[in-house]
Amino acid sequence: MNGFRYEQKYLISEAGYRLLQPRLKTMLDGDENVDERGEYFIRSLYFDDAFQRGLVDKREGALLREKFRVRFYNMDDSFIRLESKQKHDTMTKKESARLTRAQVEQILAGDWWELFSTDDQLLENFYLKARTRVLRPTVLVDYMREAYVFEDVRITFDKNIRTANYDTDLFDPDLVTVPVLPSDRMIMEVKFDDALPAAVKRLLQPVEAARTAFSKYEMCRQFQ
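Every value quoted in this text rests on a predicted model; they were computed, and no experiment measured them.

*Asks:* So what's going on with a nonpolar patch on the surface? Residues and values would help.
*Replies:* Residues Trp113, Phe116 and Leu128 make up a contiguous nonpolar surface patch of about 300 Å² in total accessible area. Along the chain, leucine 128 turns up in helix α5 (residues 121-133).

Okay, here's the thing in structure tokens:
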């Protein structure tokens, strides 16, 4: 399927991470955007409609589903993206478009018109769905990410996943958040195009991790 990639998620313990991380760090390339600790901070604001279709589709295991989110990194509002994450069974596809902080603030204020007047197809699609499905900011998700790459494979560890309950103030650096997983648990994601290379399989094999359909969006919604 054009643009879709396989996505495998695992619930991994701190001990499993400690065993695996040195091997990945030695054998694979790290993400170029990390800080001195080898991580970067992600804040995402997810949107859902009046019928909570995104949440219902996830819980019912709908074969086809789509979520919209606004995301930025390390609280740097000079680079903000609108993302559409589409899922088809075990495969995912992500499309993105740049937004300015002023545009995001307009969206949060309920003023969507500027998105329709752009030439970007994703922004226009977001506008149309926002108007027809009454999309609204729903839940905010924070976490630290550590990432490694090998050819078309990307392996990430998402740590200290937190949410702000009903508060959706995307740009508040002092936002009060709560953890959604025990402190010794994190999510490992493995994404690839066609087949997982044998070399990567060997790196991952010794680690005990439970395959999961974990969704940060769904988990954080449970705290509302």
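Alright, that's what it looks like, and here's the rest.
*Asks:* Go over the packing of aromatic side chains, please, and point to the residues and values.
*Replies:* Counted under the stated rule, the structure contains eleven aromatic pairs. Consider the rings of tyrosine 17 and phenylalanine 157, whose centres lie 5.1 Å apart with planes at 75 degrees: the pair is edge-to-face. Taken together, the residues tyrosine 17 in helix α1 (residues 14-27) and phenylalanine 157 in strand β8 (residues 153-163) connect sequence positions 140 residues apart. Comparing tyrosine 17 with phenylalanine 157 shows no difference in burial state: the two are buried. Between phenylalanine 47 and phenylalanine 126 the ring centres are 5.3 Å apart and the planes differ by 80 degrees, which places this aromatic pair in the edge-to-face class. With phenylalanine 47 in strand β3 (residues 40-48) and phenylalanine 126 in helix α5, the pair connects residues that are 79 residues apart, well separated along the chain.

*Asks:* Requested: an account of the pairing of strand β10 (residues 185-192), with residues and values cited.
*Replies:* Most of β10 sits inside the fold, with seven of its eight residues counted as buried. By the bridge criterion, eight bridges tie strand β1 (residues 5-13) to β10 in an arrangement that is antiparallel. In the strand pairing of β10, leucine 11 is matched with isoleucine 187.

*Asks:* Go over the nonpolar core with me, naming the residues and quoting the values.
*Replies:* Among the nonpolar cores identified, the biggest contains 24 residues, and Val70, Leu82, Leu99, Trp112, Leu115, Phe126 and Leu170 are the most heavily contacted of them. Sorting the residues of this core by element identifies β3, β4 (64-73), β5 (76-88), β6 (91-99), α3 (101-108) and α5 as the ones contributing at least two each. In terms of residue count, α5 provides more of this core than any other element does, five residues in total. With sequence-adjacent residues up to four places away left out, leucine 99 is seen in contact with Val70, Ile80, Arg81, Leu82, Val104, Ile107, Leu115 and Leu123. Core analysis: the next-biggest nonpolar cluster, separate from the first, contains 19 residues, Tyr10, Leu28, Val153 and Leu204 among them.

Thresholds, definitions, all that
- Residues numbered from 1 in each chain as written.
- Predicted model: local features only at pLDDT ≥ 70, side-chain atom pairs only at ≥ 80, totals over all residues.
- Heavy atoms only, no water.
- Patch = residues over 30% accessible without salt bridge, like charges linked within 9 Å, V, L, I, M, F, W, Y side chains within 5 Å.
- Areas by Shrake-Rupley, 256 points an atom, 1.4 Å probe, with all protein chains shown as cover.
- Salt bridge = Lys/Arg side-chain N within 4 Å of Asp/Glu carboxyl O.
- Helix = DSSP H or I, 4+ residues; strand = E, 2+ residues; numbered from the N terminus.
- Phe/Tyr/Trp six-rings, centres within 6.5 Å; stacked < 30°, edge-to-face > 60°.
- Buried < 20%, exposed > 50% of the residue type's maximum accessible area, 1.4 Å probe, protein only.
- Pairing = 2+ DSSP bridges.
- Core = buried A, V, L, I, M, F, W, Y, C linked by side-chain atoms within 4.5 Å.
- Contact = heavy atoms within 4.5 Å.

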